[in-house]
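Chain by chain, the residues run as shown.
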Amino acid sequence: MKTQWTMRLSLLALALMSAPASSSPASSGQELVAAGDCVACHTAAGGKPFAGGLKMSTPVGAIYSTNITPDGQTGIGDYSYDDFAKALRRGVAKDGHHLYPAMPYTSFSKVSDEDIRTLYDYFMHQVKPVNQHNRSSEIVWPLNMRWPLAVWNKIFHHKKVYQPDNRQSAQWNRGAYLVQGLGHCGSCHTPRGIGFQEKGLDQHDDAFLTGGTLEDWHAPDLTSNIKVGLGRWSEQDIAVFLKTGHTGSSAAFGLMSEVVTRSTQHMSDRDLQAIAVYLKSLKSSDPQAVAPKEDSATAAALTKGDMSRPGAQEYMDNCAACHRIDGQGYDKTFPALAHNPAVLSDDPSSLISMVLRGGKTPVTQGAITGLTMPGFAWRLDDRQMSNLLSFVRSGWGNNASAVSAEQVEEIRKNLPKPEKDSRGQRQ
C-alpha cells in the first residue's frame, strides 16, 4: 500500500507519532523518524544514513535528496528549531529557498508542535553528522527556478496543524493524524492534479487515497471500494499487513515493501489499529463497484491442459508454480492473483512493473520474509507479457480490463539499462 519522488509510496508511508491533545503518550524521535521513513529518501544506495543523494525522478527532471545530518557545513547543523519547523511545515529552507514538494511538507504541516520538537532534538543530538555536499538537480532552466514554488504553495498548500474531529473517537482521530501527517500516505495513494498537487488531503475530499500512479507504479485505492480498495479487508487485515507485509492472500510489493521493512513494522499495535479504524471509515471511491465472483472455469481449463486462451501457456510456464493453477497462491507466502485488488486496479502499472522488474517482499520479524520474485523482462516480449497479464486480470472471476502490448512497451522503456562488463558485454 511512497514513490521515491513523493518520499514514499508510498500507503503507501504511515506514521508513528504522538497524537494531538493527550490521547496517547509522546513518541521518541527514533520512532517518529522510522515512522516517517525519513532514511529511505535521505539515504542513497550504499550511502551513509540521512546524508542525502538519492535520485528521485520528477516530470521535469531528476532531483536529489538532501543531507539532513547535523553537519554544520553541508547538512542542517546550523538550523534552529524554527528553521527546522519552517522547512517541515512550509517547505522553505533556512536560506529562504523553496523546497520541491518531493519533500511532503503539505502533509508535515499537520504534525504537532511536540512531535516537530522531538524530531528536531533527534536529528541534532542522535544522528551522526556527515560532511557530504548536496547534488544539484537535473532540472533545466527555466524550470529549475524556485520562485514559482511560492505561487504553488499559495494555491495548493494548506498550513494547518491537524485538528481533532470531536464527532469521532480518540482512536479514529489518532489514525487520521497518523495517515494525514508524518505518514503522508496521500503522497502516493492520492491522484495528482494539473499542478501535480494531491487532489485531496483528508476524508472530506472525494479523491483522497483513491489511488495514485507515479514512476510506473500504482499505489492502490485505500478507500472501502469493494473491488480495488480495502472493502474486502477487515481492520485486522490492515493492521497485520502493515506489521508483517502480508495477509493470508496479499503481500506488499514495490516501494511498499520497503515502507513495511523500514517503517510500519516498527509501529505499535495500538497505532496500527488506529490507522486501520480510520482507513475503514473512508467511503468507497466507487459505491457501484462490484466484487469479483468465484469462477472455477480457469482452473478447470488449466488442469485439463487447455492452453487455448491467450496468455494461458505463459501463465503455466512462468507463474503457476508459485501462484497455483487456481490463482490462490500460498497463505502468507505467495499472494493470490484471484480477486486481488492490486490485480484488479483500473491502472495496471504496478502489475506490469512487477512482472517486468520482479520484486521482494518485506523483511520483517515474526513472519516469512524477503521472498523474491524474479523479473521476466528478459524472457517475455511485449505481446507475450500483455497476453499473460490480460489472462491474469480476467481469470478466476477477475473482472479487470485487458493490458495492451503498448502499455507494456511504455513501462519497459524505463527499466534500468543492463550494465556492461570490462569487455563491453552486457551482464
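For the structure, see preceding data.
Model, not experiment: these values are computed from the prediction. (Residues numbered from 1 in each chain as written. Predicted model: local features only at pLDDT ≥ 70, side-chain atom pairs only at ≥ 80, totals over all residues. Heavy atoms only, no water.)

Novice: Looking at this structure, I do not really get the overall build of the chain. What am I missing?
Specialist: Helix and strand counts for the chain come out as 18 helices and six strands. For the chain, the C-alpha radius of gyration of 22 Å lies close to 22 Å, the compact-globule estimate for 427 residues. Counting over 427 residues, the chain shows a buried share of 54%. Accessible area of the chain: about 19300 Å², with a carbon and sulfur share of 52%. Charge-centre separation for the chain: the mean point of 43 positive side chains lies 3 Å from the mean point of 42 negative side chains. (Helix = DSSP H or I, 4+ residues; strand = E, 2+ residues; numbered from the N terminus. Rg over C-alpha atoms; globule rule 2.2 N^0.38 Å. Buried < 20%, exposed > 50% of the residue type's maximum accessible area, 1.4 Å probe, protein only. Areas by Shrake-Rupley, 256 points an atom, 1.4 Å probe, with all protein chains shown as cover. Lys, Arg positive; Asp, Glu negative; His and termini not counted. Charge placed at Lys NZ, Arg CZ, Asp CG, Glu CD.)

Novice: What is the right way to look at the pattern of salt bridges in this model?
Specialist: Side chains bearing opposite charge may pair, as long as their charged atoms lie close to each other. For the structure on display, the rule yields 13 salt bridges. Arg 167 is paired through a salt bridge with Asp 165; the nearest N and O atoms lie 3.1 Å apart. For Arg 167, a relative accessible area of 70% translates into the label exposed. Residues joined in a network through salt bridges with shared partners are Arg 174, Arg 270 and Asp 271. (Salt bridge = Lys/Arg side-chain N within 4 Å of Asp/Glu carboxyl O.)

Novice: Sorry if this is basic, but what is going on with helix 17 (residues 382-394) here?
Specialist: Residues spaced three or four apart along an α-helix face the same direction, because each turn holds 3.6 residues. Along its 13 residues, helix 17 runs 18 Å from first to last C-alpha, staying within 8% of the 18 Å computed at 1.5 Å per residue. When helix 17 is considered as a whole, its buried residues turn out to be Met 385, Ser 386, Leu 388, Leu 389, Ser 390, Phe 391, Val 392 and Arg 393. Buried residues along helix 17 sit in contact with helix 12 (297-303), helix 13 (312-318), helix 15 (341-344), helix 16 (349-357) and helix 18 (405-412). Structurally, the start of helix 17 carries an N-cap: the backbone nitrogen of Arg 383 is 3.2 Å from a side-chain oxygen of Asp 381. Looking one or two residues past helix 17, Trp 396 carries a phi angle of roughly 60°, positive in sign. (Expected span 1.5 Å × (residues − 1). Contact = heavy atoms within 4.5 Å. Polar contact = N/O pair within 3.5 Å; in protein donor to acceptor, adjacent residues only side chain to side chain.)

Novice: Would you mind going over the side chain of Ser 353 with me for this structure?
Specialist: Summarising the element assignment, Ser 353 is placed in helix 16. For Ser 353, a relative accessible area of 0% gives the class buried. Excluding residues that lie within four positions of it along the chain, Ser 353 makes contacts with Asp 216, Trp 217, Gly 358 and Ile 411.

Novice: Please clarify how a positive patch on the surface should be interpreted in this entry.
Specialist: Among the surface-exposed residues, Lys 86, Arg 90, Lys 154 and Lys 159 lie close enough to one another that they form a single positively charged patch. Looking at the secondary structure, you find Lys 154 in helix 6 (residues 147-156). (Patch = residues over 30% accessible without salt bridge, like charges linked within 9 Å, V, L, I, M, F, W, Y side chains within 5 Å.)

Novice: Looking at this structure, how should I read the side chain of His 339?
Specialist: Among the secondary structure elements, His 339 is positioned in the loop between helix 14 (320-323) and helix 15. Under the relative-accessibility criterion, His 339 is labelled buried at 10%. Excluding anything up to four places from it in sequence, His 339 contacts Arg 232, Pro 292, Lys 293, Glu 294, Leu 344, Trp 396, Gly 397 and Asn 398.

Novice: I tried to follow the nonpolar core on my own but got confused; where do I start?
Specialist: Core analysis: the largest hydrophobic core is formed by 55 residues, its most contacted members being Phe 84, Phe 123, Val 179, Leu 209, Tyr 278 and Leu 279. Where this core is concerned, the elements lending two or more residues are helix 1 (29-36), helix 3 (81-90), helix 4 (105-108), helix 5 (113-125), helix 7 (170-180), helix 9 (235-244), helix 10 (255-262) and helix 11 (269-280). Those residues in contact with Leu 209, other than ones at most four positions away along the chain, are Val 179, Cys 185, Gly 186, His 189, Thr 190, Pro 220, Asp 221, Leu 222, Thr 223, Leu 279 and Leu 282. (Core = buried A, V, L, I, M, F, W, Y, C linked by side-chain atoms within 4.5 Å.)

Novice: I tried to follow helix 10 on my own but got confused; where do I start?
Specialist: All of the buried residues along helix 10 are Leu 255, Met 256, Ser 257, Val 259 and Val 260. Turning to helix 10, the residues buried within the fold contact helix 9 and strand 5 (359-360).

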